[in-house]
Structure formats: C-alpha cells, structure tokens
Amino acid sequence: MFGYVKPSKGELRVWEYELWRAAYCGLCHTLKRRYGVVWTLLLNYDFCYLAILLCGAKDDRCTACKKRCMASPIRPLQVMAGNAALDYSADATVILSYHKIRDGIRDEHGWKRLFYRVLAFLARHGYRRAAKRQPAFDRAVRENLDVLDRVEAARTPSLDRAADPFAKTLAAASEALPNDERRRILRELLYHTGRFIYIADAWDDVTDDLRSGSYNPVALRYNLNRAPDADTAAALSETLEQSAASAIAAMELLPLGDFTGIVENVLYLGLPAVANALRENGCVHKSQKGKRHGSL
C-alpha cells in the first residue's frame, strides 16, 4: 500500500479527527498484539482507511481507551479498543505487506534484493499466521497478484488491465462483511479506491521508472519519455476523478455510522488533493525516490 488515501485533516470536525486518530492508533495496537511491534512500522493511512470502512459497515461497537506507546510514551493517547474489524484489518496489513516485500525481491537488484530477502525471512512467520487466519483473503491476493505479474511482464500499455488486478486485491477485503448487500457495495468502493491508488502510484513513479526502465503503464499508455505534459496530466486527472466518483457513488449507499464524515472527507477532499498534487507537481511522495512501481 502507498499512503495516498487519507483525509484532509483541516476539514475534519474535532471529534472526527479524534475518531480517525483513535482508529489509526487502535490498528497499530492491534498489529502489535497479534503480530509484534515490528509490524507496526508498516502501518499507513491506507490500512486505516480499510479499518474505518469495516468498522462502519460492520456496525462494530467502537469503544475507546487511553494507552501509551513508543510514539507517545508519556502522554496516553485515545485508542479504539480491539474489535473484529481491527483484527481483520491487521491481518490484511500483514498479508499485503508481505507480498509487497516479495515484490521487492523480484524488482530490486544487488544489496537491495538481499535486504528484501532478509526482510521476507523475518516476516514469514507473521505472514503464515495471518494467512491461516484469513485464508480466503490471502488466496485472493495471491491470485490477483499473479495476474498482475503477467500483465507487467507483458508490459501491457492498458491502464485498465494493469489496475484491475490490484483493485480486485483490495476489493477482496469486502468478504469480511457478513451482510450480502453491504459486502457488494463495499467491494465496489474498495475496487475503485484500489484503481485510484494504482494509477496514482504509476503517475507518481513515471520519472523514476523511465530512468530505470521499470514497467509503468502510464508511460506506456501515453508513450512518454519524460514527465507528463499538461494534456497528458489532464487526461490522467480525469481518469482518477472517474475512480473517485465511482467510489463516492458506492459510499453513498453504504451505512457507515460515525465514520461517514471521515470517509466523505477522504473521497471528496483527500483523493482530489492527491490528483491535484500530481497534476501540479508531478509527484506526491517526493521523499520516495528510487521506489520502483510494482505489484504493491
């Protein structure tokens, strides 16, 4: 996951921001409890987005308590107490992160590949435990990423064909819902969010991938040999807007309780902010230089 899916904090009401932060801290503590402190280092906003969607859609009773942690060892922070949605999100975090590490082994060379091999060895135990707890999700992730590997190996120039397997990977988390109707709606919401993430990440990585020769569907689709010009950026922005609009259409059908305002903020303000940053600056994560565009 990439950290593109986050709210515009300044536009959240105070209690919504506190709820968002409590959910983030709750997922962090759940990861620590279920898999150990090392796994908390892989937590980002995208996983928290999944957690609040599941909490809202499952109607889980959300209670809070105050806890200290390494990030705040003196002043205790408000933390969402553990529940089924946080447990599932923690399991999904471990499964997706492990596959991202495996992707790094395929993409990198030299000492970086060795680093990923060591990381994969250390992460293997946690991944096996998560895969045992969520076998259907792990199977869906592996199947979709195998398809994505073939698409990338064939250097497919189609944005839709490249984004589809990754979007289905994220959409597979909808199976956590027992209600058929809500599960179908959440699948659509997560699918279009995943499509947005994949295309935004490819656009973010264009310059680095052109330099390294790595697969990038944006570069291939628009025959780029440099950063996208204004016309290409406008076309890419429209593609991202379509994904955001489809996610919003699904979200409006899904009861999310207290999390409704947070998810609306993410989709109406957070995702457009990412698209604007890409259109105006050509990148979002300026600090992530050298990051290859891969399956995760």
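The rules behind each value
- Residues numbered from 1 in each chain as written.
- Predicted model: local features only at pLDDT ≥ 70, side-chain atom pairs only at ≥ 80, totals over all residues.
- Heavy atoms only, no water.
- Helix = DSSP H or I, 4+ residues; strand = E, 2+ residues; numbered from the N terminus.
- Rg over C-alpha atoms; globule rule 2.2 N^0.38 Å.
- Buried < 20%, exposed > 50% of the residue type's maximum accessible area, 1.4 Å probe, protein only.
- Contact = heavy atoms within 4.5 Å.
- Areas by Shrake-Rupley, 256 points an atom, 1.4 Å probe, with all protein chains shown as cover.
- Lys, Arg positive; Asp, Glu negative; His and termini not counted.
- Charge placed at Lys NZ, Arg CZ, Asp CG, Glu CD.
- Axes fitted to C-alpha atoms, helices over the stretch in contact; angles between N-to-C directions.
- Parallel < 35°, antiparallel > 145°, perpendicular 65-115°, else oblique.
- Nonpolar A, V, L, I, M, F, W, Y, C, P; charged D, E, K, R; others polar.
- Patch = residues over 30% accessible without salt bridge, like charges linked within 9 Å, V, L, I, M, F, W, Y side chains within 5 Å.
- Salt bridge = Lys/Arg side-chain N within 4 Å of Asp/Glu carboxyl O.
- Core = buried A, V, L, I, M, F, W, Y, C linked by side-chain atoms within 4.5 Å.
- pLDDT = per-residue confidence, 0-100.
- Expected span 1.5 Å × (residues − 1).
- Polar contact = N/O pair within 3.5 Å; in protein donor to acceptor, adjacent residues only side chain to side chain.

Description of the overall build of the protein chain
So, step 1. When helices and strands are tallied, the protein chain shows eleven helices and two strands.
So, step 2. Listed N to C, the secondary structure of the protein chain is α-α-β-β-α-α-α-α-α-α-α-α-α in terms of helices and strands.
So, step 3. A compact globule built from 296 residues should have a C-alpha radius of gyration of about 19 Å, and the protein chain, at 19 Å, falls within 12% of that.
So, step 4. C-alpha atoms of the protein chain, sized along the principal axes, occupy 50 × 40 × 40 Å.
So, step 5. For the protein chain, buried positions account for 53% of its 296 residues.
So, step 6. Sequence-distant contacts, at least 24 apart, represent 74% of the contacts inside the protein chain between residues at least 6 apart.
So, step 7. For the protein chain, the accessible surface area stands at approximately 14,000 Å², while carbon and sulfur atoms represent 51% of it.
So, step 8. With 43 positive and 35 negative side-chain charges, the protein chain shows a separation of 8 Å between the mean positions of the two kinds.

With respect to the packing of helix α4 (residues 110-133) against helix α5 (residues 135-153)
Helix packing geometry: the angle between the two helix axes and the distance between the axes.
So, step 1. At a minimum axis separation of 5 Å, α4 and α5 run at an interaxial angle of 110°. By the angle between their directions, the pair α4 and α5 is classed as roughly perpendicular. Contacts from Y127, A131, K132 and R133 in α4 reach P135, D138 and R142 in α5.
So, step 2. When its residues are assigned to classes, the contact of α4 with α5 shows three nonpolar, no polar and four charged.

Comments concerning a nonpolar patch on the surface
So, step 1. A contiguous nonpolar patch, built from V37, V38, L41 and M70 and spanning about 450 Å² of accessible area, is present on the exposed surface.
So, step 2. One can find V37 in the loop between α1 (14-35) and α2 (45-57).

Some thoughts on a positive patch on the surface
So, step 1. A contiguous patch of positive charge, built from R102, R117, R124 and R128, is present on the exposed surface.
So, step 2. Here the element with the most residues in the positive patch is α4; it accounts for three residues.
So, step 3. Inspection of the secondary structure assignment puts R117 in helix α4.

Points about the environment of I105
So, step 1. Within the element layout of this structure, I105 appears in helix α3 (residues 84-107).
So, step 2. C-alpha separation for the pair I105 and R117, spaced twelve residues apart in sequence, amounts to 6.3 Å.
So, step 3. Residue contacts for I105: discarding those within four places in its chain leaves R113, Y116, R117 and A120.

A short note on the environment of M251
So, step 1. Inspection of the secondary structure puts M251 in helix α10 (residues 230-251).
So, step 2. The exposure class of M251 is buried, given its relative accessible area of 3%.
So, step 3. Expressed as a C-alpha distance, the spacing of M251 and A140, which sit 111 residues apart in the sequence, is 23 Å.
So, step 4. Setting aside residues up to four positions removed in sequence, M251 forms contacts with L189, L256, V263, E264, L267 and Y268.

Some thoughts on the pattern of salt bridges
Should the charged atoms of two oppositely charged side chains come close, the side chains can pair.
So, step 1. Applying the stated criterion across every chain yields a total of eleven salt bridges.
So, step 2. For the salt bridge of D138 with R142, the shortest nitrogen-to-oxygen distance reads 3.0 Å. Taken as a pair, D138 and R142 lie in helix α5 at a separation of four residues, close to a single helical turn.
So, step 3. By relative accessible area, which is 4% here, D138 ends up buried.
So, step 4. For R142, a relative accessible area of 37% corresponds to the partly exposed category.
So, step 5. With its nearest N and O atoms 3.7 Å apart, the salt bridge here joins E175 to R183.

Considerations on unusual backbone geometry
The phi torsion of most residues other than glycine is negative, and most of the peptide bonds are trans.
So, step 1. Although it is not a glycine, R155 adopts a positive phi angle of roughly 50°.
So, step 2. Phi is positive for N223, which is not a glycine, with a value near 50°.

Side note on the nonpolar core
So, step 1. Residues Y49, F137, L189, L190 and L267 are the most contacted members of the largest nonpolar core, which totals 90 residues.
So, step 2. If we ignore the near neighbours within four places in the chain, the residues touching Y49 are V5, W20, L189, L190, T193, V263, V266 and L267.

Some words on the confidence of the model for the protein chain
So, step 1. Per-chain confidence: the protein chain averages 89 in pLDDT, with 95% of residues scoring 70 or above.
So, step 2. When pLDDT is averaged over each helix and strand of the protein chain, the minimum, 79, is found for strand β1 (residues 64-67) and the maximum, 96, for α10.
So, step 3. With pLDDT under 50 throughout, residues 287-296 is counted as low confidence; its partners more than four residues away or in other chains account for 42 contacts.

Digging into the side chain of R195
So, step 1. Residue placement: R195 occurs in helix α7 (residues 180-204).
So, step 2. If near-sequence neighbours (up to four positions away) are discounted, R195 is found in contact with D160, A163, A167, T239 and S243.

Some thoughts on α2
Because each turn of an α-helix spans 3.6 residues, side chains separated by three or four positions in sequence point in the same direction.
So, step 1. Its 13 residues place the ends of α2 18 Å apart at the C-alpha level, agreeing with the 18 Å of an ideal helix rising 1.5 Å per residue.
So, step 2. With twelve of 13 residues buried, α2 is to be regarded as a mostly interior element.
So, step 3. Restricting attention to buried positions, one finds in α2 the residues D46, F47, C48, Y49, L50, A51, I52, L53, L54, C55, G56 and A57.
So, step 4. The N-cap of α2, judged by a side-chain oxygen 3.0 Å from the amide nitrogen of D46 a few residues on, is N44.

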